[in-house]
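An overview of the molecular structure
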Amino acid sequence: MQDAPAGGALHAFEPLAQRMRPRTFAEFIGQQEAVGAGHFLRRMIESDQIPSLIFYGPPGTGKTTLAQMIAQMTHSAFKKLNAVSAGIADIRKIVKEAEEARRYYQRRTIVFIDEIHRFNKSQQDVLLPYVEDGRLVLIGATTENPFFEVNHALLSRVRIVRLRPLTDGQLLAILKRALGDKERGLGSRSITADEGVLPAIAQLANGDARMALNVLEGAAAMLPPAGGKLTMELLDEITGERVQRYDKTGDNHYDTVSAFIKSMRGSDPDAALHYLARMLAAGEDTNFIARRVAICAAEDVGNADPMALVVAMSAVQAVQFVGMPEARIPLAQAVTYIASAPKSNAAYLGIDAALADVRGRNCGSVPVHLRDSHYKGAETLGHGKGYIYPHDFPGHFKRQSYLPEAMRHAHYYEPTENGEEKRLRDYLRKCWPERFHEDENI
């Protein structure tokens, strides 16, 4: 257990990531949805009306930094615990001090618990009454989903603040600031960087500011004390792997995504996994990848295997739910399923053909027998008259016209002989045999 740091001179042995921690919102980069100017939490912090909170997000996104900023900005007593080493006795000691601070000094007490998901149920239960009656304002930080790791009773008394991985642009701004800052960063040394080095570090860090600064510090340590130039070769050396050259807005990005989709469409799961790995290693947004997988499932597999879209959408949800690095697993499952499934683009071609007709010609009115007959006056207008209810007939089917008269010969959906779509084709051939007479002009 420890109080919030009281400040003082920076120590040369402190890691760069620690020295460069933002001290004010003016220095804080990213998380605009959570603490941007005018947002609820920002206003609460600036007015020293801080509610109980849990910061939830991946490493290096600002959870501890925000807690330390609150410690500097609040007039409340601020205590810090680490859930790995703290126990119930530590909590009770803080509660006793909080009661004294409130009774004698009219001060609130904020307790920051890092890695709060490491607290067991008993430890969390001890906190509950003190958070509930206001003796403690709780600020927790966790990389794990709090809805799984934190008691529901405690969750109901706190506000969850989700922090997102930083973008490459935000990481690049952090790296440039560290390179130029003469007080806390590397600005006192004459260090420059080849074009592409800082963006490569940002990609390698995959949304983690601490990792980005650690890599930068490691690269700078390889240079003479007076300074020098950071190169891609040096970066490759210190990371122990070849840094991905993958510009998320450039040709390499589009080429890799194109190859990824074409490999799934072409039924090559090995190639699809290869390009998936390239994107993941380069820090591509997993939500972007998941969207492309879902589109491919509908566009290229379609009704040849309707389960492909189910698997793809499950992967979309799983990616958002678990995050990296585990998100690679449901992505790989969906990608290999889609690549290995029978293919059909019939539904995709069908809707595009129908849209072309709707947008490009007068298609006529909805047939009277198909119109809604439930509203007042519909019967007088004849709406619904003559409609045949298919379920009243054997096989739950009875022939009748469904298209507008002007479009009665339109034919959009042409099911293939592949996979599950063959069964659909056989059923439609029984219902509408004329649709499958190749010699007829239909």
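Note that the structure is predicted; figures quoted are calculated from it, not measured.

Topic: the overall build of the protein chain
Within the protein chain, the regular secondary structure consists of 20 helices and eight strands. By the compact-globule yardstick of 22 Å for 442 residues, the protein chain is too spread out, its C-alpha radius of gyration being 30 Å. Projected onto the principal axes, the alpha-carbon positions of the protein chain cover approximately 90 × 60 × 40 Å. Here the protein chain holds 442 residues, and 43% of them are scored as buried. In the protein chain, 70% of the contacts between residues at least 6 apart in sequence involve partners at least 24 apart. When the accessible surface of the protein chain is totalled, it reaches about 24,000 Å², and 53% of it is carbon and sulfur. Both charge centroids of the protein chain, one from 53 positive and one from 54 negative side chains, sit 5 Å from each other.

Notes on the pattern of salt bridges
According to the stated counting rule, one finds 22 salt bridges in the structure shown. For the salt bridge of Arg408 with Glu405, the shortest nitrogen-to-oxygen distance reads 3.0 Å. Glu405 shares its class with Arg408; the two are exposed. With a closest N to O distance of 3.3 Å, Glu417 and Arg425 form a salt bridge. For Arg425, a relative accessible area of 13% puts it in the buried group. Put simply, Glu414, Glu417, Lys422, Arg425, Asp426 and Arg429 are held in one network by salt bridges that share partners.

Points about a nonpolar patch on the surface
Together, Phe148, Phe321 and Val322 make up a nonpolar patch on the protein surface, roughly 310 Å² of accessible area in all. Following the sequence through the fold, Val322 ends up in helix H16 (residues 307-322).

A few points about the packing of helix H10 (residues 197-205) against helix H12 (residues 232-239)
The interhelical angle for the contact between H10 and H12, taken along N-to-C directions, is 25°, at an axis separation of 10 Å. The angle between H10 and H12 places the two elements in the roughly parallel class. Taken as a pair, H10 and H12 cross one another with a handedness that is right-handed. Touching Val197, Ala200, Ile201 and Leu204 of H10 are Met232, Leu235 and Thr239, all from H12. Along the lines of polarity and charge, the residues of the contact of H10 with H12 split into six nonpolar, one polar and no charged.

Looking at the confidence of the model for the protein chain
For the protein chain, per-residue confidence averages 86 on the pLDDT scale, and 92% of positions sit at 70 or higher. When the elements of the protein chain are averaged for pLDDT, strand S1 (residues 2-3) gives the smallest value, 44, and helix H17 (residues 328-340) the largest, 96. In this model residues 1-10 is a low-confidence stretch, pLDDT under 50, and it forms 14 contacts with partners more than four residues away in sequence or in other chains.

Observations concerning the packing of aromatic side chains
A complete count under the given rule lists two aromatic pairs for this structure. Between Phe148 and Phe321, the ring centres sit 5.2 Å apart and the planes meet at 85°, which makes this aromatic pair edge-to-face. Remark: Phe321 occurs in helix H16 and Phe148 occurs in helix H7 (residues 146-149); sequence separation between them is 173 residues. For Phe148, a relative accessible area of 59% corresponds to the exposed category. By relative accessible area, which is 42% here, Phe321 ends up partly exposed.

Describing H10
Judged by how many residues are buried, H10 sits mostly within the fold: seven of nine residues are covered. Taken residue by residue, H10 has Val197, Leu198, Ala200, Ile201, Ala202, Gln203 and Ala205 as its buried positions. Those residues of H10 hidden inside the fold are in contact with helix H9 (168-180), strand S7 (190-193), helix H11 (209-221), strand S8 (227-230) and H12. Backbone geometry just after H10 places Asn206 at a positive phi near 55°.

Some thoughts on the nonpolar core
Residues Leu175, Ile201, Leu213, Leu216 and Leu230 are the most contacted members of the largest nonpolar core, which totals 30 residues. Listing elements by their share of this core, those giving two or more residues are helix H1 (16-19), H9, H10, H11 and H12. A per-element tally of this core places H11 first, with seven residues. Excluding residues within four positions of it along the chain, Ile201 makes contact with Leu175, Ala212, Val215, Leu216 and Leu235. Judged by nonpolar contacts, the second largest core, of 27 residues, contains Leu276, Val293, Ala294 and Ala334.

Observations concerning the side chain of Asp181
Relative to the elements of secondary structure, Asp181 occurs in the loop between H9 and S7. For the buried Asp181, no salt bridge is present, and the opposite-charge side chain at shortest range is Arg184, 4.1 Å distant. Polar side-chain contacts of Asp181 include one of 2.8 Å to the backbone nitrogen of Arg184. Beyond its immediate sequence surroundings of up to four residues, Asp181 is in contact with Met20, Leu186, Gly187 and Ser188.

Rules behind the numbers
Residues numbered from 1 in each chain as written. Predicted model: local features only at pLDDT ≥ 70, side-chain atom pairs only at ≥ 80, totals over all residues. Heavy atoms only, no water. Helix = DSSP H or I, 4+ residues; strand = E, 2+ residues; numbered from the N terminus. Rg over C-alpha atoms; globule rule 2.2 N^0.38 Å. Buried < 20%, exposed > 50% of the residue type's maximum accessible area, 1.4 Å probe, protein only. Contact = heavy atoms within 4.5 Å. Areas by Shrake-Rupley, 256 points an atom, 1.4 Å probe, with all protein chains shown as cover. Lys, Arg positive; Asp, Glu negative; His and termini not counted. Charge placed at Lys NZ, Arg CZ, Asp CG, Glu CD. Salt bridge = Lys/Arg side-chain N within 4 Å of Asp/Glu carboxyl O. Patch = residues over 30% accessible without salt bridge, like charges linked within 9 Å, V, L, I, M, F, W, Y side chains within 5 Å. Axes fitted to C-alpha atoms, helices over the stretch in contact; angles between N-to-C directions. Parallel < 35°, antiparallel > 145°, perpendicular 65-115°, else oblique. Left-handed = near helix turned anticlockwise from the far one by under 90°. Nonpolar A, V, L, I, M, F, W, Y, C, P; charged D, E, K, R; others polar. pLDDT = per-residue confidence, 0-100. Phe/Tyr/Trp six-rings, centres within 6.5 Å; stacked < 30°, edge-to-face > 60°. Core = buried A, V, L, I, M, F, W, Y, C linked by side-chain atoms within 4.5 Å. Polar contact = N/O pair within 3.5 Å; in protein donor to acceptor, adjacent residues only side chain to side chain.

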